[in-house]
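# A structural walkthrough
Here's the letter readout for the chains.
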Amino acid sequence: MDLSKMAVSINKAINTQEVAVKEKHARTCILGTHHEKGAHTFWAAVNRLPLSSNAVLCWKFCHVFHKLLRDGHPNVIKDSVRNKADLTDMSRMWGHLSEGYGKLCSIYLKLLITKMEFHIKNPRFPGNLQMSNRQLEEAGENDVNNFFQLTVEMFDYLECELNLFLGVFSSLDMSRSVSVTAAGQCRLAPLIQVILDSSHLYDYTVKLLFKLHSCLPADTLQGHRDRFQEQFKKLKSLFYRSSNLQYFKRLIQIPQLPENPPNFLRASALSEHISPVVVIPAETSSPESEHVVETDDLVDTDIPPLASAVESRFDDLFGTSAATDPFNFNSQNGMRKDDKDRLIEQLTAELQALKEELESFRLESGRLCQALRGRVSELEAELAEQTHLKQQALGESEFLKAELDDLRRVKEDTEKEQRSLTEIERKAQANEQRYTKLKEKYTELVQSHADLLRKNAEVTRQMTVARAAQDEVENVKREMQEKVKAAQETANQQEKNQAEQLQALQADLVTSRTELETLKASMASSQKSGEELSSQVAALEMEKVGLAERVTQKEAELAGLGEELERVQSSLTIERESGVKAAEALQNQLNEKESREQALESELEALRWMALRAALEEAEKIVQDSLAQLDEPTHISCTSSADYLMSRCQAALDCVDRLQSARDGFVSNNTDMSELLRAVAQFAHLVGDTIVQGSATAHMLPVEQADVLASSVKACGSEALGLLGQLKEQGSLCTADSSGLKTALEGVLASAEKLRPQGLELQQGELGDLVEQEMAATSAAVESAAARIEEMLNKSRAVDTGIKMEVNERILASCTELMQAIKVLVLSSKDLQRDIVEGGRGAASIKEFYAKNSRWTEGLISASKAVGWGATMMVDAADLVVQGKGKFEELMVCSHEIAASTAQLVAASKVKADKDSSNLHRLQQASRGVTQATAGVVASTKSGKSQIEETVFFSFVISDTMDFSSMTLTQIKRQEMDSQVLVLELETRLQKERERLGELRKKHYELAGAAEGWGEEGEGTG
């Protein structure tokens, strides 16, 4: 196409005349974009037009631009985005006008900008918005967040369409027949594009809302439903008003929306939804319309009336009556007919009969051609149907592949769980070694260590049982994968057979077309023979003498034509029979394919139910095993806390809701069972864990409370088994009720809530402030300790000399390094804590996050208090040591206490931190620095102590009478006995102090457990 012609059409379509845009000019612009694969010429021509000074010109530009966005080349949208800023400014400028075309232009420009933005964000949608259901699914990439955002964008898009609709109707005087005037048609013409877009947007919005309601809670989508109700009422009213206008009746068939909007809370209502279809009738021929060559016009199927033409020519030459017949000699000269005249009349009659027979042959040939065309159409329809069946088979294959991918992902999750179990087992072994070392060092805790080892062994046994259950689940999944693989191979074989059948059909189609061409050639030869016969008949007047010989030749030619006619008729008969046989064979193949598809569908249905039953039976075994643990004697030593039981019970309640939603989704669409299988597996594990943890918690309670909790746990297990039994049967799957199980779980949750410690926790609103206060107090304590150490170091340098000054400087220097390391640790802990709060609080405030995670918050507070207290105590001990009033052992004990407190702070900070966090790495490095600084304090203290003791020892040796040479045997014996008595007294005192240390640590553990909410009356020791 010449681009200059396109530019001329653009200028003709976009002008200042208040008439509708002519279709031929708009069509030329559309074809021009396809020819140049873009809209450069269009924008080059439009930029020269004064769109900002003439409202009618801008209105017609919007109409043409809307058509190009819908039907033009896909690159039109990309080429037009660069002019988005100019269109926005123009819309803002026309928006200052409150009536006429100015306001309409502002609304229309906003609609076009919204349309471009929608297609740029969603490139899968074509400009005319025509998509299949599969393409709509692919546009969301199987992500509920994408579907949610896409629905919001479609609401905004449809809102702009409705605004233009209302703006045009409000600008017209509907009391008059404005649709038949040129000005009215100029305003109404763009609404055809709006109707086309709105029908698709309404259809896609309904389907997306049904899909969102199958994935998200109804309360979450309340805003979507309200907005849809509002747009549904407007669109229905506008469609109704438009269908009554005379202008639209001859250009477009507007669909009518249902009386009531769809009920999205009922999943089956999707099957009642009928997509609105806008029909544009075929254009009639007009002086403005371009000539369109149809496919049927390429083949001339009409049989020209050759016989009548030949007959008329014969009548013109020889006359039609006896009065004008030149061969009627009786009327001319009154003579009798001779033999030659009778022969001529006989030949004329035979020639007339041959003409009639030729005419009937032509009619029969035309009828056969029409029949063959019908047969070709039927074969093409069958070919399209086979193509559709092939696409369906490909879709089923893709579905099976998707199910296989889901199974692989489940397998990967199981492997991750296996690795986590291995890590837990490794940690358990490390704990066992550590407990063994503690047993060797502290004989007072032998009994408690033995209890912990037995509990550890029980945990290991439970992990072994869990691994065995997971192995069984993997075996079931492996069998399902093999079955899915077999079904996939069957589908591939079926697809191959269909491809062979398709090739055979295409070959039959080619053969039919070849025979049709042969028949056309024979018809042409027949027509040619008829023309030769006409020329011979015309030559009768000129060659009367050789009439007999020519008549003989004509008879021979006519005999040849008769044989050819018989041959054509026989070939047509054979072709008709072969076509009937081919149709019967295709019908048989179609029936066989339908039967195979039904068998495959039934087999897939059986496999789905088999997999579901296997998963449900496995879930029943898990729950039954958990119930059996209640009566297991070895389970009596297991204990748990009320908080952990509450967390397990709440997770089980959430899983019951997920199981119900997955069941509803499976009932509505039984081809997708992956979500239900995952929900069943998670349900079994969570309910089993709740039963085991409830029983372990009951072991720590008095008899009455333990019996109540145990009965609630058993009732929970019974309800879970009943629910799984209902889901296992097809008849009761739809009516399975989980209210009893929810009631039982809520009872367990209420019992656990009553067991939580009361009165030891702070108010939730104070936790956030208290964390900040304690961290600030810790920092201040560390700063104060560092300042005091520096002050003590200056005093020691001013007062002490010799070895004492050296020892004091070394000890105070190591204490200063420790304070600096603790300061770095506290700052790193603050940074990590800030990252944890910002990453985990979401839309909640910082105080709400601390209140929600109260146990973790209280751990931080306790660890921070311990660090600050340890720093203060160490400074006091160092002060006493420097002054000579304290003991070196007190300073070493304070150093160890600070190391333990900082380790507690690091552990409390690491609980909710991301393992890849940079602040976590800095905190770990700071912790290692504190450990090294603590070791330095202990080493310097020990070194100083040894130096001081050596000095004292040497002075004692010099000053004291250690010379036993003058003592008698009796005196030495007496001194030896006194020394033995003193040693025994010191050993007895040491033993008592060790026992006192053990009792103090036990009491410390009890008080720390109560402060941290571990439980009341010894609860939560497991």
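The preceding data block contains the structure.
Criteria and cut-off values
- Residues numbered from 1 in each chain as written.
- Predicted model: local features only at pLDDT ≥ 70, side-chain atom pairs only at ≥ 80, totals over all residues.
- Heavy atoms only, no water.
- Helix = DSSP H or I, 4+ residues; strand = E, 2+ residues; numbered from the N terminus.
- Buried < 20%, exposed > 50% of the residue type's maximum accessible area, 1.4 Å probe, protein only.
- Phe/Tyr/Trp six-rings, centres within 6.5 Å; stacked < 30°, edge-to-face > 60°.
- Lys NZ or Arg CZ within 6 Å of the ring centre and 35° of its normal.
- Polar contact = N/O pair within 3.5 Å; in protein donor to acceptor, adjacent residues only side chain to side chain.
- Contact = heavy atoms within 4.5 Å.
- Core = buried A, V, L, I, M, F, W, Y, C linked by side-chain atoms within 4.5 Å.
- Axes fitted to C-alpha atoms, helices over the stretch in contact; angles between N-to-C directions.
- Parallel < 35°, antiparallel > 145°, perpendicular 65-115°, else oblique.
- Left-handed = near helix turned anticlockwise from the far one by under 90°.
- Nonpolar A, V, L, I, M, F, W, Y, C, P; charged D, E, K, R; others polar.
- Expected span 1.5 Å × (residues − 1).
- Patch = residues over 30% accessible without salt bridge, like charges linked within 9 Å, V, L, I, M, F, W, Y side chains within 5 Å.
- Areas by Shrake-Rupley, 256 points an atom, 1.4 Å probe, with all protein chains shown as cover.
- Salt bridge = Lys/Arg side-chain N within 4 Å of Asp/Glu carboxyl O.
- Lys, Arg positive; Asp, Glu negative; His and termini not counted.
- Charge placed at Lys NZ, Arg CZ, Asp CG, Glu CD.

### What to know about the overall build of the protein
For the protein, the helix and strand inventory stands at 30 helices and zero strands. Residue burial in the protein is summarised as follows: out of 1022 residues, 38% are buried.

### So, the packing of aromatic side chains
Per the stated rule, a full pass over the model turns up 19 aromatic pairs. Between Trp43 and Phe65, the aromatic rings sit 5.2 Å apart at their centres with planes inclined by 75 degrees, giving edge-to-face as the arrangement. Of the two residues, Trp43 sits in helix H3 (residues 40–46) while Phe65 sits in helix H4 (residues 55–71), which places them 22 residues apart along the sequence. For Phe65, a relative accessible area of 0% puts it in the buried group. With 5.8 Å between their ring centres and 80 degrees between their planes, Trp609 and Phe666 make a pair best called edge-to-face. With Trp609 in helix H18 (residues 547–629) and Phe666 in helix H19 (residues 642–668), the pair connects residues that are 57 residues apart, well separated along the chain. Each of the two residues, Trp609 as well as Phe666, counts as buried. Taking NZ or CZ as reference, Arg187 lies 4.5 Å from the ring centre of Tyr101, over its face.

### Topic: the side chain of Thr28
The residue Thr28 is located in helix H2 (residues 23–36) in this model. You can call Thr28 buried: its relative accessible area is 6%. One polar contact links the side chain of Thr28 to the main-chain carbonyl oxygen of Lys24, over a distance of 2.7 Å.

### Re the side chain of Glu620
Inspection of the secondary structure puts Glu620 in helix H18. On the basis of relative accessibility, which here comes to 13%, the residue Glu620 falls in the buried class. Contact partners of Glu620, with chain neighbours within four places excluded, come to Leu721, Leu724, Gly725 and Lys728.

### Some words on the nonpolar core
One finds Ile14, Phe42, Phe61 and Phe125 to be the most contacted residues of the largest nonpolar core, which totals 92 residues. The dominant element in this core, judged by the number of residues it contributes, is helix H11 (residues 191–215), at 13 residues. When neighbours within four sequence positions are excluded, Phe125 is seen to be in contact with Phe118, His119, Met131, Leu136, Ala139, Leu150, Met154 and Tyr204. Core analysis: the second largest hydrophobic core is formed by 49 residues, Leu677, Ala698, Leu723 and Ala752 among them.

### Some points on the packing of helix H9 (residues 144–171) against H11
Close contact between H9 and H11 brings their axes to 9 Å; oriented N to C, the two are set at 150 degrees. Considering their axes alone, H9 and H11 lie roughly antiparallel with respect to each other. Judged by the twist between their axes, the crossing of H9 over H11 is left-handed. When its residues are assigned to classes, the contact of H9 with H11 shows 21 nonpolar, three polar and three charged.

### Here's the deal with H4
Its 17 residues give H4 an end-to-end C-alpha distance of 24 Å, which sits within 8% of 24 Å, the value for a rise of 1.5 Å per residue. Where H4 begins, the capping side chain belongs to Asn54, and its oxygen is found 3.0 Å from the backbone nitrogen of Val56.

### Quick look at unusual backbone geometry
The phi dihedral of Leu129 is positive, around 65 degrees, even though this residue is not glycine. Tracing the sequence through the fold places Leu129 in the loop between helix H7 (100–121) and helix H8 (133–139). On the accessibility criterion, Leu129 (0% relative accessible area) is buried. The phi angle at Glu141 is positive, at roughly 55 degrees, despite the residue not being glycine. Positionally, Glu141 belongs in the loop between H8 and H9.

### Remarks on the environment of His273
Counting through the fold element by element, His273 comes out in the loop between helix H13 (246–249) and helix H14 (306–318). With 10 residues separating them along the chain, His273 and Asn263 place their C-alpha atoms 9.9 Å apart. Not counting the four nearest positions on each side in its chain, His273 is found in contact with Tyr202, Asp203 and Val206. Within the structure, the side chain of His273 is placed 2.8 Å from the side chain of Asp203, a separation counted as a polar contact.

### Some details on H2
With 14 residues, H2 ought to run about 20 Å at 1.5 Å a step, and its terminal C-alpha atoms sit 20 Å apart, in line with that. Within H2, burial applies to His25, Ala26, Thr28, Cys29, Ile30, Gly32 and Thr33. Looking at the buried residues of H2, the elements they touch are helix H1 (3–13), H4 and helix H5 (75–81). Looking one or two residues beyond H2, the residue adopting positive phi is Lys37, at roughly 60 degrees.

### Some points on the environment of Gly95
Relative to the helices and strands, Gly95 is located in the loop between helix H6 (84–94) and H7. Under the relative-accessibility criterion, Gly95 is labelled partly exposed at 43%. Expressed as a C-alpha distance, the spacing of Gly95 and Cys105, which sit 10 residues apart in the sequence, is 7.9 Å.

### Here's the deal with the packing of H6 against H7
At a minimum axis distance of 8 Å, the contact between H6 and H7 shows a crossing angle of 150 degrees. It follows that H6 is roughly antiparallel to H7 by the angle criterion. H7 is crossed by H6, and the crossing has left-handed handedness. Here Lys84, Leu87, Thr88, Met90, Ser91 and Trp94 of H6 lie close against H7, whose contacting residues are Gly102, Lys103, Cys105, Ser106, Leu109, Lys110, Ile113, Met116 and Glu117. Its residues assigned to classes, the contact of H6 with H7 comprises seven nonpolar, four polar and four charged.

### Observations regarding a negative patch on the surface
Together, Glu412, Asp413, Glu415 and Glu417 give the surface a local cluster of negative charge. Within the secondary structure, Glu417 sits in helix H16 (residues 339–441). Overall, Glu417 belongs to the partly exposed group, its relative accessible area being 42%.

### Notes on the pattern of salt bridges
Should their charged atoms come close, side chains of opposite charge can pair. What the rule picks out here adds up to 25 salt bridges. The salt bridge partner of Lys67 is Glu23, with a shortest N-O separation of 3.3 Å. Within this pair, whereas Lys67 is found in helix H4, its partner Glu23 is found in helix H2, the two being separated by 44 residues in sequence. Of the charged contacts in the structure, one is a salt bridge between Arg227 and Asp156, with a shortest N-O distance of 2.5 Å. Here the residue Arg227 occupies a position in helix H12 (residues 222–243), and Asp156 occupies one in helix H9, the gap between them amounting to 71 residues. By relative accessible area, which is 26% here, Arg227 ends up partly exposed.

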